[in-house]
Amino acid sequence: MSVYVVASSIAVMAIIIGLGSFMALRLPVTKELKTALMFIIINFAVPAIILNGVFNTKVTDSLLHKVLIIFIVSIVYHIIALVVTVVAAKLFGFSGIHANKMSILASFGNTGFIGIPLCATIFGPVGGLLAAIFDAALDLVIFTVAIHMLKQEGKFHIRQLKSVINPPLIAICFGLVAFAAGFEAPQSVKLLTDMLSGIAGPLAMLYIGMLIPPLVKAKKLTAVPGMWFPLSFRLLIIPVLTMIVLSVSFFDLEIKQIVIIQAAMPTFMLATVLFAKYANDEETAVITTIYSTLLSLITIPIISLFVVWLTDFG
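Every value quoted in this text rests on a predicted model; they were computed, and no experiment measured them. The written sequence of each chain sets the order in which its residues are numbered from 1. For a predicted model such as this one, the threshold for reporting local features is a pLDDT of at least 70, and the threshold for listing and counting side-chain atom pairs is 80 or more; totals across whole chains, interfaces and linings nevertheless cover every residue. Neither water nor hydrogens contribute to the side-chain values; these are computed over all heavy atoms in the structure.

## Focus on the overall build of the protein chain
To keep things clear, this is the line we draw: Each helix is a run of H or I in the DSSP string that is no shorter than four residues. Each strand is a run of E no shorter than two, and both are numbered from the N terminus. Two things to know: the radius of gyration comes from C-alpha atoms, and the globule rule equals 2.2 Å times the number of residues to the power 0.38. Exposure categories follow from relative accessible area, calculated using a 1.4 Å probe and restricted to protein chains: below 20% of the type maximum is buried, above 50% is exposed, and the middle band is partly exposed. Method for areas: the Shrake-Rupley scheme with a 1.4 Å probe, in which residue coverage is limited to the protein chains shown. Two residue types count as positive, namely Lys and Arg, and two as negative, namely Asp and Glu; His and chain ends fall outside the count. Working definition for charges: the position is that of NZ of Lys, CZ of Arg, CG of Asp or CD of Glu.
From N to C terminus, the protein chain includes 13 helices and zero strands. Of the regular secondary structure in the protein chain, the N- to C-terminal order runs α-α-α-α-α-α-α-α-α-α-α-α-α. Rg of the C-alpha trace for the protein chain: 19 Å, near the compact-globule value of 20 Å for 314 residues, within the 12% margin. Each of the three principal axes of the protein chain carries a C-alpha extent, and together these read 50 × 45 × 45 Å. Counting only residues that meet the buried cut, the protein chain has 54% of its 314 residues in that class. Of the roughly 14000 Å² of accessible surface on the protein chain, a fraction of 71% belongs to carbon and sulfur atoms. Side chains of the protein chain carry 18 positive and 13 negative charges; the gap between the two charge centres is 10 Å.

Structure (C-alpha cells):
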C-alpha cells in the first residue's frame, strides 16, 4: 500500500466535501434530501461494496479465515477501546453519563460510511469485504454495549438488537453464504454491484459537506466542552496504540493494514442519532463528528505512514 494512494484518496474526499458545502450554499438542504442520500448510501451503495467484494473474490480457506479473524479482532478492539477511554475520561475529570458519551465518541469510528469505501479504494474488493466485516462487528457492539452506556436507566432490551439487522449486515450474510457455496454471479449482477459500489464514497462526502454550512449559519459550529478528548483519542491515540499492538502480533499483513486504517476513521455518523435518542444531546455528537471528519483528512495520511512502516518492517 502506498501513502500516495491514501493521500490521493483523502484529497479527493476533501474536494467532494467542499463540493457538498458549496451545494448547501446554493440549494436548500432539506431533511428529505439528507434522508434520501443516507438511504441510498446505507441501502444500496455500501451493500454493493460488500457484494462486489464477494463476487470478485476467489473462494479460499485463507480468506474465510481472515473474515473470522477480523470479526473477532473488531469486537475485541472496540471493547478494549471503550474500557481504555472510560478510564481515561474519568482520569481527566469527566463523570457520569458525560464520561460515557466522551468514551463512545472516542472509541467508535466511521468504519462503514467512510471506512468501507476507503478500504475498497485502497485494497480492492477484498479490502472492502474485510472492512465491512470489521464494521459489522462494530454495529454489534454499538447496539448492545454503547446503547446500554447511553441509557440513563442503564437497562438493556433485546429489541435494541433489531437495529443491527440492516442492509449492509444482510449483504454480508448473503455474501458469505454465496462465497462459501462458490456461487458465481451473472455478469450483469457483477456490473451492477461494481457501479453502485462506486457511489458510496462520493455520496458520503457530499452528505458530510452539506451539514457544514447550515451549522455555520446558525453559529453552532463551535467547539463543545471536552471535545478535545474524543478528537485526540479517536484520531491519534487509539490508531497509534493499535498500530503498536498489531506491529508485534502474528496477524496477516492485510488484516493489520485494514484494522489500522479502520482505527484511524473519524467519529461514527450514527452517534448523532444515538445521542439524540438516548442521551438528549444531539449537538455534541454532530459537532464532534464534523470536526473529527475534517481533521481526519489530515490524520489519516499520517496514520497511513505507520501502515507503510508496518509493510516494510512487519
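Still to come is the rest of the account.
## Some details on the packing of helix α6 (residues 125-150) against helix α11 (residues 253-263)
Keep this limit in mind: Only C-alpha atoms enter the line fits that serve as axes; for helices the fit covers just the stretch in contact. Angles between N-to-C directions range over 0 to 180 degrees. For classification purposes, an angle smaller than 35 degrees is called roughly parallel, one larger than 145 roughly antiparallel, one from 65 to 115 roughly perpendicular, and anything else oblique. Working rule for handedness: look at the near helix, and if it is turned counterclockwise from the far one by less than a right angle, call the crossing left-handed; if clockwise, right-handed. Any two residues whose heavy atoms approach within 4.5 Å at even a single point are treated as in contact.
Interhelical geometry of α6 versus α11 gives an angle of 60° and a closest axis separation of 10 Å. For the element pair α6 / α11, the angle class is oblique. Seen along the crossing, α6 lies across α11 with a hand that is right-handed. Judged by residue contacts, Val 126, Gly 127, Leu 130, Ala 131 and Phe 134 of α6 engage Glu 254, Ile 258, Val 259 and Gln 262 from α11.

## A word on the layout of surface pockets
Put simply, the test is: Space inside and on the surface of the protein is sampled on a 1 Å grid over the protein atoms alone, with a cavity defined as a set of points where a 1.4 Å probe fits but cannot get out and a pocket as an open set with protein on both sides within 12 Å along at least 5 of 7 lines; lining residues have an atom within 4 Å of a point. Grid points are joined across faces, edges and corners, and a volume is the space filled by probe spheres set on the points. Each residue receives one of three labels: charged for Asp, Glu, Lys and Arg, nonpolar for Ala, Val, Leu, Ile, Met, Phe, Trp, Tyr, Cys and Pro, and polar for the others, Gly being one of them.
Space inside the largest pocket adds up to approximately 1200 Å³. Met 38, Tyr 207, Met 269, Leu 270 and Val 273 are, among the 42 residues lining the largest pocket, the residues nearest its centre. Only α2 (31-55), α5 (111-123), α6, α7 (167-181), α9 (200-217), α12 (271-278) and α13 (282-313) provide two or more residues apiece to the lining of the largest pocket. Split by residue class, the lining of the largest pocket holds 25 nonpolar, ten polar and seven charged.

## So, the pattern of salt bridges
For clarity, the threshold we go by: Only one rule defines a salt bridge in this text: a Lys or Arg side-chain nitrogen within 4 Å of an Asp or Glu carboxyl oxygen.
This structure, assessed with the given rule, holds three salt bridges. We note a salt bridge from Lys 66 to Asp 252, for which the minimum N-O separation is 3.6 Å. Of this pair, Lys 66 sits in helix α3 (residues 61-91) while Asp 252 is found in the loop between α10 (228-247) and α11, placing the two residues 186 residues apart along the sequence. The shortest N-O distance in the salt bridge between Glu 184 and Lys 190 comes to 2.6 Å. Judged by relative accessible area, which is 15%, Lys 190 ranks as buried.

## Overview of α2
Spelled out, the test is: An expected span of 1.5 Å times one less than the residue number is assigned to each helix. To get the bend at a residue, fit one axis to the 7 residues ending there and another to the 7 starting there, then take the angle between the axes.
For α2, built from 25 residues, the straight-helix expectation of 36 Å at 1.5 Å per residue is met to within 8% by its first-to-last C-alpha distance of 35 Å. Residue Ile 41 marks the point of greatest curvature in α2, where the axis turns by about 35°.

## Regarding the environment of Glu 283
Positionally, Glu 283 belongs in helix α13. Residues Glu 283 and Ala 99 lie 184 residues apart in sequence; the distance between their C-alpha atoms is 16 Å.

## Looking at the nonpolar core
Rules: Joining through side-chain atoms within 4.5 Å is the link that ties buried Ala, Val, Leu, Ile, Met, Phe, Trp, Tyr and Cys residues into a set, and such a set is a nonpolar core.
Among the nonpolar cores identified, the biggest contains 98 residues, and Ile 104, Phe 108, Leu 118, Ile 142, Met 205, Phe 229 and Leu 274 are the most heavily contacted of them. Per-element tally for this core: the top contributor is α6, with 15 residues. Other than its neighbours up to four places away in sequence, Leu 118 contacts Ser 9, Ile 10, Met 13, Ile 261, Met 265 and Ile 300.

## Digging into the confidence of the model for the protein chain
Note the following rule: How sure the predictor is of each residue is captured by pLDDT, a score from 0 to 100.
Looking at the protein chain, the pLDDT average stands at 84 and 93% of residues meet or exceed 70. The secondary-structure element of the protein chain with the lowest mean pLDDT is α12, recorded at 76, while α10 shows the highest, at 93.

## Notes on the packing of aromatic side chains
So the rule is basically this: Each pair of aromatic rings taken from Phe, Tyr and Trp, with Trp reduced to its six-membered ring, is defined by centres within 6.5 Å and is described as stacked if the planes are under 30 degrees apart, edge-to-face if over 60, and tilted in the remaining cases.
Summed over the entire model, instances satisfying the criterion amount to nine aromatic pairs. Consider the rings of Phe 94 and Trp 228, whose centres lie 6.2 Å apart with planes at 40°: the pair is tilted. Taken together, the residues span a long stretch of sequence, with Phe 94 in the loop between α3 and α4 (96-107) and Trp 228 in helix α10 at a distance of 134 residues. By way of ring pairs, the aromatic residues Phe 92, Phe 94, Trp 228, Phe 229 and Phe 233 are connected into one cluster.

## Comments concerning α6
Compared with the 38 Å implied by 1.5 Å per residue over 26 residues, the 35 Å span of α6 between its first and last C-alpha is a close match. Counting buried positions over the 26 residues of α6 gives 21, a clear majority of the element.

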